[in-house]
2 protein chains.
Amino acid sequence: MSYLGVGVSPGNVPVYHGSDLKVVDRRVRLAELILRTVICGLALLAAVLVATDTQVKEIFTIQKKAKFTDMKSLVFLVVVNGIAAAYSFVQILRCVVSMVRGSLLFNKPLAWLIFSGDQLMTYMTVAAIGAAAQSAVFAKFGEPELQWMKICDMYGKFCNQVGEGIASSVFVCASMVIVSGISAFSLFRLYGGNKGSKTSAGW
Amino acid sequence: MSYLGVGVSPGNVPVYHGSDLKVVDRRVRLAELILRTVICGLALLAAVLVATDTQVKEIFTIQKKAKFTDMKSLVFLVVVNGIAAAYSFVQILRCVVSMVRGSLLFNKPLAWLIFSGDQLMTYMTVAAIGAAAQSAVFAKFGEPELQWMKICDMYGKFCNQVGEGIASSVFVCASMVIVSGISAFSLFRLYGGNKGSKTSAGW
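Rules used in this analysis
- Positions within a chain are numbered from 1, following the residues in the order the chain's sequence is written.
- Working convention: letters from A go to chains and numbers from 1 go to ligands, in the order in which they are written.
- It should be noted that, the model being predicted, local features are given only for residues of pLDDT at least 70 and side-chain atom pairs only at 80 or more, the latter also being counted only at that level, while totals for whole chains, interfaces and linings use all residues.
- Note: side-chain values were computed over all heavy atoms of the structure, leaving out hydrogens and water.
- By definition, no residue in a patch forms a salt bridge, and every one has over 30% relative accessible area; like charges are joined within 9 Å, nonpolar side chains (Val, Leu, Ile, Met, Phe, Trp, Tyr) within 5 Å.
- Using a 1.4 Å probe, the Shrake-Rupley method yields the accessible areas, and only the shown protein chains count as cover for residues.
- Each reported salt bridge corresponds to a side-chain nitrogen of Lys or Arg within 4 Å of a carboxyl oxygen of Asp or Glu.
- Labels follow the DSSP assignment, with helices taken as runs of H or I lasting at least four residues and strands as runs of E lasting at least two, numbered in each case from the N terminus.
- Residues grouped as a nonpolar core are buried Ala, Val, Leu, Ile, Met, Phe, Trp, Tyr and Cys residues, joined through side-chain atoms within 4.5 Å.
- Exposure categories follow from relative accessible area, calculated using a 1.4 Å probe and restricted to protein chains: below 20% of the type maximum is buried, above 50% is exposed, and the middle band is partly exposed.
- Note on disulfides: each one is a pair of cysteine sulfur atoms within 2.5 Å.

**Thoughts on a nonpolar patch on the surface**
Residue and element names in this part refer to chain A.
Then comes step 1: Taken together, the side chains of Leu30, Ile34, Val38 and Met99 present a nonpolar region at the surface, about 310 Å² in accessible area.
Then comes step 2: For the nonpolar patch, the element with the most residues is helix H1 (residues 19-51), which contributes three residues.
Then comes step 3: Within the element layout of this structure, methionine 99 appears in helix H2 (residues 72-101).

Encoded structure:
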């Protein structure tokens, strides 16, 4: 049997109608594993970049130190990225175990758990980026109407590193969006079984 | 035939295996319609609350006027809520038409379109709330380390109305999250058909 014919139905599988489904399933699981690995790495990178970022400035013999805890949104960003990295690590283990055992995900409670977790993580990441990006805009451009000054003029190096952290988080977020799409697919296709008696070649 | 027996399988449907599916489908569509109506109303409310919010303050004979365009995140919030209201209105029409015609959603391109639209709207709403909430925190508590002052001490009435707008947006967002779950369900269960030949009573 050819494993090269991806997307082509072999046609000699006796019991299982869903040979296409199996091929798609293998691809989907591989994509999920890759994305989760990317998320884990980039989330960790973002958290480290922001959390280790400091800059000391001397103004008239007074030393002022900028650090990420000065801004709540950066603390939120670090925490969310940390949670995302840990969560993805657990999910990677789960993916690997399920790939080694070769079992398809036909377990509804587990599918619901993964779906809910992914949804929660994705929305948290989006919210954290929204808040951090807003803070970054204030820091970079100030808000003249409110007399909030551009602190990035003072702490240039600090701001750049935070910017890199936010950029990394944006990639985390984009990957999370795709992953939560995949987990929605894995969950809700379990609810499509009844249609099969009418249109068994539904793909 | 009884239409009261929601959740109970009538058992006298000859061709269609999925009589449970039909009942669930009716409920899901009703829930979707209600949620979309709530979203449309609350998003409009949020947009109007924030957009019409102004406060004039006199400081040493200089008149200062606070309005939502002073803060980019509030402009973003108004725009996103406006789009959400318009989008939901179109979706309400679609729901009503599909309920009147009694057709189930077995059209994959349309399901993909609705799913994508809902995902986009949900993430935009979450990001807008993240940014607006961050701005609100700065406005309310200031950021002493950065010498950003608490402008809500000056514009109390303005801030309260913005707060109401954000609260309304939070409800919009929560409803959008559920709606995008529903549209994910509607889309991805279309991909579960192949399993039917093995477990036709899969519910």
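There is more to say, and it comes next.
**Focus: the nonpolar core**
Then comes step 1: Of all hydrophobic cores here, the largest spans 54 residues; its most connected members are Met71 and Trp148 of chain A together with Met71 and Trp148 of chain B.
Then comes step 2: Of all elements in the fold, only H1, H2, helix H3 (108-141) and helix H4 (156-188) of chain A together with helix H1 (19-51), helix H2 (72-101), helix H3 (108-141) and helix H4 (156-188) of chain B reach the threshold of two or more residues within this core.
Then comes step 3: In terms of nonpolar packing, the next biggest core, distinct from the first, is built from 40 residues, Phe115 and Ile182 of chain A together with Phe185 and Phe188 of chain B among them.

**Comments concerning the state of the cysteines**
Then comes step 1: Scanning all chains against the criterion turns up two disulfides over all chains.
Then comes step 2: There is a disulfide in this structure between cysteine 152 of chain A and cysteine 159 of chain A, and the S-S distance comes to 1.9 Å. On the sign convention where negative is left-handed, the bridge of cysteine 152 of chain A and cysteine 159 of chain A, at about -90° about the S-S bond, is left-handed. The residues cysteine 152 of chain A and cysteine 159 of chain A share a single accessibility class, namely buried.
Then comes step 3: Of the cysteine sulfurs around cysteine 173 of chain A, a residue in no disulfide, the closest is that of cysteine 173 of chain B, at 13 Å.

**With respect to the pattern of salt bridges**
Residues and elements named next belong to chain A.
Then comes step 1: A complete count under the given rule lists 10 salt bridges over all chains for this structure.
Then comes step 2: Aspartate 118 serves as the salt-bridge partner of arginine 36, at 2.8 Å between the closest nitrogen and oxygen. Of the two residues, arginine 36 sits in helix H1 while aspartate 118 sits in helix H3, which places them 82 residues apart along the sequence. Like arginine 36, the residue aspartate 118 is buried in the burial classification.
Then comes step 3: One network of salt bridges, in which partners are shared, links Glu32, Arg36, Arg94 and Asp118.

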